[in-house]
Amino acid sequence: MGNEISMKTYGIILLLLANLASFASDAQSEIEGYEDKFTAINKERKGLDASDLNKLSDPFLKTKAVAYNTESNSTASIFELQALFNNKAKINGKWYQIRDKIGEYELSAIRGSSVILANKEQKIDLNLKKGENKNVIIKIK
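Not measured: the values here are computed from a predicted model. (Residues numbered from 1 in each chain as written. Predicted model: local features only at pLDDT ≥ 70, side-chain atom pairs only at ≥ 80, totals over all residues. Heavy atoms only, no water.)

So, the pairing of strand β4 (residues 88-91)
1) Next: Residues Ala89 and Ile91 line the buried face of β4, whereas the alternating positions Lys88 and Lys90 sit on a face that is not buried.
2) Next: Looking at chain direction, strand β3 (residues 81-85) and β4 are connected through 4 bridges and run antiparallel. Of the residues in β4, the one forming a bridge with Phe85 is Lys88.
3) Next: Joining the antiparallel neighbours β3 and β4 is a turn of 2 residues, in which Asn86 adopts a positive phi near 55 degrees.
4) Next: Note that β4 and strand β5 (residues 94-96) share 3 bridges and pair antiparallel. In the strand pairing of β5, Lys90 is matched with Trp95. (Buried < 20%, exposed > 50% of the residue type's maximum accessible area, 1.4 Å probe, protein only. Helix = DSSP H or I, 4+ residues; strand = E, 2+ residues; numbered from the N terminus. Pairing = 2+ DSSP bridges.)

Here it is as structure tokens:
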């Protein structure tokens, strides 16, 4: 009884070896499945050439309107106030602070929902507009 291995131990060892063999074959078939997927995605795909890409417009770029003054034959930019945060104003996609230059104007004041642009000749008052998103609410304290 000392050196002898019981029948239960043989059964357990045999069961473990069978499970190991089963897992090994499953792993091998899973690896082969991944190899097929890698081969499929590794094939060369045809995309757009450079000329086709250049023809596409940027979906994230918002075009700005420019007003044309017929009397002086010059263009004057339309300023759009988009956001106010922490004493900074986002005008036409760029953030500005008080006394920053915006074209020929200077940002002279930031209020609750508006800013004032001024130069030697005139002042422009820009107001925030509510967007189309009904979930955004602008509250002024």
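Digging into the nonpolar core
1) Next: Among the nonpolar cores identified, the biggest contains 12 residues, and these are Phe79, Leu81, Ala89, Ile91, Tyr96, Ile102, Tyr105, Leu107, Ile110, Val115, Leu117 and Leu126.
2) Next: Secondary structure elements with two or more residues in this core: β4, β7 (105-110) and β8 (114-118).
3) Next: At 3 residues, β7 tops the list of elements feeding residues into this core.
4) Next: Other than its neighbours up to four places away in sequence, Leu81 contacts Ala89, Lys90, Ile91, Ser113, Ser114, Val115, Leu126, Asn127 and Leu128. (Core = buried A, V, L, I, M, F, W, Y, C linked by side-chain atoms within 4.5 Å. Contact = heavy atoms within 4.5 Å.)

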